[in-house]
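Examination of the molecular architecture
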Amino acid sequence: MNNFQQFLQQGFQSIQEQVQNGNLQNIIQTSMESISSMQSDRDRRRYNVNINTWDSQNEVFSRAVDQKIREQNLWNSDLDGFYRSRGGDQFERSACNGNKKALFIGINYTGTQAELKGCINDVRNISELVCGRFGFQNCLYLTDEQQDPEKKPTYNNIIEAMKWLVQGAQPNDSLFFHYSGHGGTARDSHADEIDGFDETILPLDYAKNGQIIDDVIYENLVKPLPKGCRLTAIFDSCHSGTVLDLPYTYQCDGNVEVIENDMRKEIFKKAFGIVGSFIQGDQAAIASSLLGLFDGSISFNKPNTSNQATIEKRRHDADVIQFSGCRDNQTSADAKINNVSTGAMSYAFSTVLKQNQNISYTQLLTQIRQIMKQKNFKQIPQLSTSHPMNMNEQFIIKLYHYFFFLHQKSDV
């Protein structure tokens with residue numbers, strides 16, 4: 001019996017007991033209150049929009065914890081050893097020889113205070129690369145320059161487009177999603193985010209209908225996918241590092257390294273407990289208070305079972321790969337390069353692929369970071385996955401990739 005069947009059976013038994021005890025009214029009322037509370041919390045996060053902001057106290061706190069993680073050498077540079085020890089070779093990969101679909105979303109927010117310049121250009125450039133060069137033909141475009149109201153990148157249209165993208169997905173299919181626009185953060189109340197914040201994307205009508213939080217993105221883009229279906233998610237967006245809530249993250253700031261996000265989440269969770277509310281004071285005081293993180297109560301050599309619900313949430317049988325333009329606590333630039341408005345990550349990513357038809361994941365991450373450094377962008381590109389990656393594997397979207405490109409920028 002699977003977990004869902006057990007849940008149903010337990011629910012029916014509880015209802016039967018309540019009926020026998022004459023308490024059916026109570027259980028109905030309790031259930032409705034619970035559902036209402038959950039919906040109220042999601043609505044609160046949806047409408048609490050923060051664009052390109054990272055509170056200074058949050059920034060200091062997050063950087064202090066990241067520094068302690070770095071000092072403890074928890075980022076692993078032995079990529080091959082990590083892949084083998086975590087059973088990466090046992091994961092069922094997609095052959096990506098099935099159907100191919102693509103969804104492109106670009107939002108410039110023209111005429112608003114949040115206006116960007118390069119998002120629609122990004123859609124044009126990335127779609128030319130993906131569709132013209134790699135053979136994606138079943139494509140849907142949502143941009144704010146279109147006149148058709150159903151092609152506007154509104155909250156509802158984006159959700160419906162995500163559903164269109166994954167509808168009917170089968171093992172070995174290859175799907176692509178590209179979003180270029182604003183992103184933000186919202187305080188997480190479910191303790192399932194690494195740094196205590198949900199990452200979000202902002203539709204054209206966010207001022208009226210709110211932002212799309214990462215839980216909703218996951219529910220519509222990742223959760224419906226079957227085992228063996230490829231989703232490649234590329235987020236060039238502010239605060240986008242772990243926006244798909246996947247269990248493993250690789251980053252390049254010199255060498256390519258990997259970390260397990262559930263372990264990192266446990267460290268942040270304990271840090272919140274030690275520090276309480278964000279400490280008022282300088283970074284040195286905060287870092288000193290965080291020394292207790294590594295007192296032996298968190299195991300770094302075996303899976304943590306005290307947070308099994310979150311661990312299971314992050315795992316997925318689909319072959320999901322997400323690129324992001326920056327860490328969760330960073331912004332991603334909307335820039336002008338060679339006199340053309342574009343996103344920093346979009347520019348670096350497309351430049352590397354145009355110059356290299358045969359390139360590994362390690363080489364791709366490394367060269368993206370090199371281009372960003374040459375252009376004086378401080379953002380650190382990341383790659384998150386549903387399974388341990390063989391980073392020496394060739395990156396070939398023409399044959400077997402599902403691309404999700406999410407592009408969020410801040411003005412430069």
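This section reports on the structure supplied with the text. Model, not experiment: these values are computed from the prediction. Each chain has its residues counted from 1, running along the sequence as written. Side-chain atom pairs in this predicted model are given and counted only at pLDDT of 80 or more, local residue features only at pLDDT of at least 70, and totals for whole chains, interfaces and linings cover all residues. The side-chain values count all of the structure's non-hydrogen atoms but skip hydrogen atoms and water molecules.

**Thoughts on the side chain of Ser 332**
Stated precisely, the cut-off is as follows: Helix and strand labels come from DSSP, where a helix needs a run of H or I of at least four residues and a strand needs a run of E of at least two; each type is numbered from the N terminus. Relative accessible area decides the class of each residue, using a 1.4 Å probe on protein chains only: under 20% of the type maximum gives buried, over 50% gives exposed, and in between gives partly exposed. As used in this structure description, the phrase polar contact means that two N or O atoms lie within 3.5 Å; if the pair is within protein, one of them must be able to donate a hydrogen and the other to accept it, and residues adjacent in sequence are counted only when both atoms belong to side chains.
With respect to the helices and strands, Ser 332 occurs in the loop between strand S10 (319–324) and strand S11 (333–337). Of the residues examined, Ser 332 reaches a relative accessible area of 0% and is grouped as buried. Looking at Ser 332, its side chain comes within polar contact range of the side chain of Gln 379, at 2.7 Å.

**Overview of helix H5 (residues 119–134)**
Our working rule: Multiply 1.5 Å by the residue count of a helix minus one, and that product is the helix's expected span.
An ideal rise of 1.5 Å per residue puts 22 Å on 16 residues; H5 measures up with 21 Å between its terminal C-alpha atoms. For H5, the complete set of buried residues consists of Cys 119, Ile 120, Asp 122, Val 123, Ile 126, Ser 127, Leu 129, Val 130, Cys 131 and Phe 134. Of the residues trailing H5, Gly 135 is marked for its positive phi of about 85 degrees.

**What to know about the nonpolar core**
Let me state the cut-off plainly: Only buried residues count toward a nonpolar core, which is a set of Ala, Val, Leu, Ile, Met, Phe, Trp, Tyr and Cys residues joined through side-chain atoms within 4.5 Å. We call two residues in contact when some of their heavy atoms are within 4.5 Å.
Counting 43 residues, the largest nonpolar core has Phe 104, Tyr 250, Phe 323 and Leu 364 as the members making the most contacts within it. In terms of residue count, helix H12 (residues 344–355) provides more of this core than any other element does, 7 residues in total. Setting aside residues no more than four positions away along its own chain, Tyr 250 makes contact with Leu 79, Phe 82, Val 256, Glu 257, Val 258, Leu 365, Gln 382, Leu 383, Thr 385, Pro 388, Met 389 and Met 391.

**Re the pattern of salt bridges**
How we decide: Think of a salt bridge as a Lys or Arg side-chain nitrogen and an Asp or Glu carboxyl oxygen that are within 4 Å of each other.
If you walk through the whole model with that rule in mind, you get 10 salt bridges. Where Arg 45 meets Asp 215, a salt bridge forms, and the shortest distance between an N and an O atom there is 3.1 Å. With Arg 45 in helix H2 (residues 24–47) and Asp 215 in helix H8 (residues 214–221), this pair connects stretches of sequence that are 170 residues apart. Across the pair, Asp 215 and Arg 45 agree in class, each one buried. Among the ionic pairs, Arg 86 bridges to Glu 260, the shortest N-O distance being 3.0 Å. Taken as a pair, Arg 86 in the loop between helix H4 (79–85) and strand S1 (100–106) and Glu 260 in strand S9 (residues 255–260) lie far apart in primary sequence, 174 residues in all. Overall, the relative accessible area of 24% leaves Glu 260 in the partly exposed class. The structure contains a network of salt bridges with shared partners spanning Arg 93, Arg 230, Asp 319 and Glu 393.

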